Amino acid sequence: MERLLTVKPVPYVLLALAAVSLLVKFIQGKQKRSRTWLKSRSRSPDPEKPTDVTTFAEKRMKATDRTPGIWTPLDFKRPAASPYPDWSVTDTRPLPYRPFRHGPYHITMGLRSMHWDEWIELDNHYMRYHEDKKRRIEARGSKCCLTNPDPRVWDGAVELLEELSAYLSERYPSMFRKTDVGVHNVLTNESFDVTKLTMNGVKEDPMQLCARLTQDDLAVMFEKEDGQYYLLAGAVLLAGFWRLEDKYGMPLSEIHTSADVPGYKQKLEKGMMNFFRRVKPDGPVVRNNYFMQVDDELAWSSSIGSEDAQDGIGWFTAEKDLAIKHHHFRSERQSLRRLPRSGGVVFTIRTYFHPVTEIAEEPYVPGRLASAVRNWGEDVSKYKGRERYGDVLLEYLDKKHEEQVANGLDLSKEEGIKAYPY
């Protein structure tokens with residue numbers, strides 16, 4: 001009996017030690033998961049990996065049996081946004097999206113779930129974008145900002161304006177102040193009345209009012225009785241390569257086929273239709289893409305032709321082998337969400353625009369970008385215009401990569417440091 005008593009406490013001591021050990025590991029794990037903004041965002045699926053949009057829709061979104069073209073308003077309210085920590089219109093830099101990777105290029109929509117705090121991203125380029133938009137609204141008007149007068153579409157544009165007004169005052173309270181009738185931009189001294197659809201007392205198209213608030217271009221798709229989604233409201237001022245007036249009123253499929261988007265019919269169309277049909281107001285998603293440009297014009301890339309040309313727009317007009325100082329990296333961060341009242345599906349299209357010589361100074365970027373460009377298929381290369389700039393670009397990127405390696409860059413650590421889409 002005495003022997004049993006001397007032995008019995010030992011397991012309890014071991015159990016206590018094990019429990020303490022597990023508790024320490026748990027706390028360490030929690031601390032490890034408490035990441036910075038760069039590491040906390042959704043990273044999968046990766047658009048440069050063969051993830052199918054149909055699979056995404058089927059796994060994450062329930063099927064719907066509602067009648068095409070009919071939408072019953074839903075009682076869904078977007079979760080309130082948290083204030084952006086220490087946001088500053090002078091100091092908050094653009095997020096460093098670099099959505100490319102080594103190896104084969106896979107044609108996929110590349111959707112990731114989006115946290116509500118990340119819907120609209122503003123930074124210290126805000127005033128440049130705002131002034132560009134203001135100038136283009138004055139010069140081009142309804143060519144860039146237009147809402148179909150159909151009551152459901154018009155209400156959808158107003159709903160988007162209401163959503164933006166509320167979100168921006170929550171996320172960026174130092175810049176946007178909520179008012180009884182809308183929102184006031186403290187920086188630009190612009191007051192938006194959502195009830196009267198005015199900015200500083202002047203009545204405007206609701207999509208044009210939306211455009212003045214953000215750095216994003218905006219497009220709203222609505223389903224018709226044929227089950228197709230049509231672009232019926234938009235504010236597209238900084239798109240670079242496409243014009244709202246060309247795509248307005250088109251169904252989703254024609255928007256992509258008219259632009260010769262690589263692999264759309266074979267790999268994307270069915271999945272995208274399923275996604276649009278199933279997306280719910282509480283299931284926002286985000287994706288990224290990238291292009292090269294051989295001029296420094298954010299709003300419209302004049303190297304592919306005049307914005308007012310009826311024909312003859314395309315990479316074939318761009319001057320070949322321009323010096324690297326003319327090469328710019330253009331990346332889009334697109335979010336998609338369903339508006340609960342109107343049922344419209346909103347695209348926000350935020351463009352990030354940098355000289356190639358600037359991003360090539362970042363560790364790992366020149367080698368990774370060179371690998372990505374070399375792995376574009378023939379159709380993707382044609383779509384992205386590689387033939388006009390590829391030789392100059394790749395020679396420069398290879399040189400910068402070699403310099404980084406010579407200066408001690410450890411290639412084995414890249415995956416741990418650079419995670420998609422950064």
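Before reading further, recall that the structure is shown in the block above.
Just so it is clear, the structure is predicted and the values come from calculations on it, not from any experiment.

A. Highlighting the overall build of the protein. When helices and strands are counted, the protein shows 15 helices and 12 strands. Sorting the 422 residues of the protein into buried and exposed places 54% on the buried side. Within the protein, counting contacts between residues at least 6 apart in sequence, those at least 24 apart form 76% of the total. Carbon together with sulfur atoms contributes 53% to the accessible area of the protein, which is approximately 20500 Å² in total.

B. Region of interest: unusual backbone geometry. Looking along the chain, the bond that leaves Y420 and enters P421 is cis, with omega of 5 degrees. By secondary structure assignment, the location of P421 is in the segment after α15 (414-417). Although it is not a glycine, Y364 adopts a positive phi angle of roughly 75 degrees. By secondary structure assignment, the location of Y364 is in the loop between α11 (356-359) and α12 (365-374). Residue class for Y364 comes out buried when judged on its relative accessible area of 5%.

C. Region of the structure containing the packing of aromatic side chains. Enumeration over the complete set of coordinates arrives at 17 aromatic pairs. Ring geometry for Y84 versus Y172: centroids 5.9 Å apart, planes at 25 degrees, classification stacked. Of the two residues, Y84 is situated in the loop between α4 (53-60) and β1 (112-113) and Y172 in the loop between α6 (151-171) and β3 (176-178); the sequence distance between them amounts to 88 residues. Owing to a relative accessible area of 1%, Y172 belongs among the buried residues under this scheme.

D. Representation of the environment of V392 in the model. Here V392 lies in helix α14 (residues 386-406). Judged by relative accessible area, which is 18%, V392 ranks as buried. Counting along the chain gives 65 residues from V392 to H327, while the straight-line C-alpha distance between them is 9.2 Å. If sequence neighbours within four positions are ignored, V392 has contacts with D321, L322, A323, I324 and H327.

E. Spotlight on the sheet that holds strand β4 (residues 182-185). Taken in spatial order, the five strands of this open sheet run β3-β4-β5-β6-β7, and their pairing is antiparallel. A single partner strand is all that each edge strand has here, and the edge strands are β3 and β7 (202-203). Relative to strand β6 (residues 198-199), strand β5 (residues 190-193) runs antiparallel, the two being bridged by two bridges. By the bridge assignment for β6, D193 is matched with T198. The sheet contacts of helix α7 (residues 206-213) involve β3, β4, β5 and β6, and relative to β5 the element is tilted by about 145 degrees.

F. Representation of the pairing of strand β12 (residues 345-355) in the model. Across the 11 residues of β12, 10 count as buried, placing the element largely inside the fold. With five bridges connecting them, strand β8 (residues 217-223) and β12 associate as antiparallel partners. Bridging from a neighbouring strand, A219 pairs with F347 of β12. Pairing geometry for strand β11 (residues 328-338) and β12, over 11 bridges, is antiparallel. What sits directly across from R330, in β12, is F353.

G. Layout of the pairing of β8. Burial within β8 is extensive, with seven of its seven residues counted as buried. Burial along β8 is two-sided: D217, A219, M221 and E223 facing one way and L218, V220 and F222 facing the other are all buried. As judged from the six bridges shared by β8 and strand β9 (residues 229-235), these two strands associate in the antiparallel manner. If you follow A219 over to β9, its bridge partner there is G234.

H. Representation of the pattern of salt bridges. Scanning all chains against the criterion turns up 27 salt bridges. The closest approach of N and O atoms between R140 and D308, which form a salt bridge, is 2.8 Å. In this pair, R140 is assigned in helix α5 (residues 126-140) and D308 in the loop between β10 (285-293) and β11, connecting sequence segments 168 residues apart. Judged by its relative accessible area of 48%, D308 is partly exposed. A single salt-bridge network, built from bridges that share partners, covers R136, R140, K143, E245, E307 and D308.

I. Representation of the sheet that holds β8 in the model. Here seven strands make up an open sheet; going across it, the order is β1-β10-β11-β12-β8-β9-β2 and the pairing antiparallel. Here the strands that pair on one side only, and so sit at the sheet edges, are β1 and β2 (145-147). Contacts from helix α10 (residues 264-278) reach β8, β9, β10, β11 and β12, with the element oriented near 45 degrees to β11.

J. Just the packing of α12 against α14, in detail. At a closest axis distance of 8 Å, the pairing of α12 and α14 adopts a crossing angle of 150 degrees. α12 and α14 meet at a crossing whose hand is left-handed. Listed contacts from α14 to P366, G367, L369, A370, V373 and R374 of α12 are R386, L393, L394, L397, D398, K400, H401 and Q404. Taken together, the residues of the contact of α12 with α14 break down into seven nonpolar, three polar and four charged.

K. Structural context of the side chain of R98. Inspection of the secondary structure puts R98 in the loop between α4 and β1. A relative accessible area of 3% means that R98 is categorised as buried.

Reading the values: rules and limits
- Residues numbered from 1 in each chain as written.
- Predicted model: local features only at pLDDT ≥ 70, side-chain atom pairs only at ≥ 80, totals over all residues.
- Heavy atoms only, no water.
- Helix = DSSP H or I, 4+ residues; strand = E, 2+ residues; numbered from the N terminus.
- Buried < 20%, exposed > 50% of the residue type's maximum accessible area, 1.4 Å probe, protein only.
- Contact = heavy atoms within 4.5 Å.
- Areas by Shrake-Rupley, 256 points an atom, 1.4 Å probe, with all protein chains shown as cover.
- Phe/Tyr/Trp six-rings, centres within 6.5 Å; stacked < 30°, edge-to-face > 60°.
- Pairing = 2+ DSSP bridges.
- Axes fitted to C-alpha atoms, helices over the stretch in contact; angles between N-to-C directions.
- Salt bridge = Lys/Arg side-chain N within 4 Å of Asp/Glu carboxyl O.
- Left-handed = near helix turned anticlockwise from the far one by under 90°.
- Nonpolar A, V, L, I, M, F, W, Y, C, P; charged D, E, K, R; others polar.

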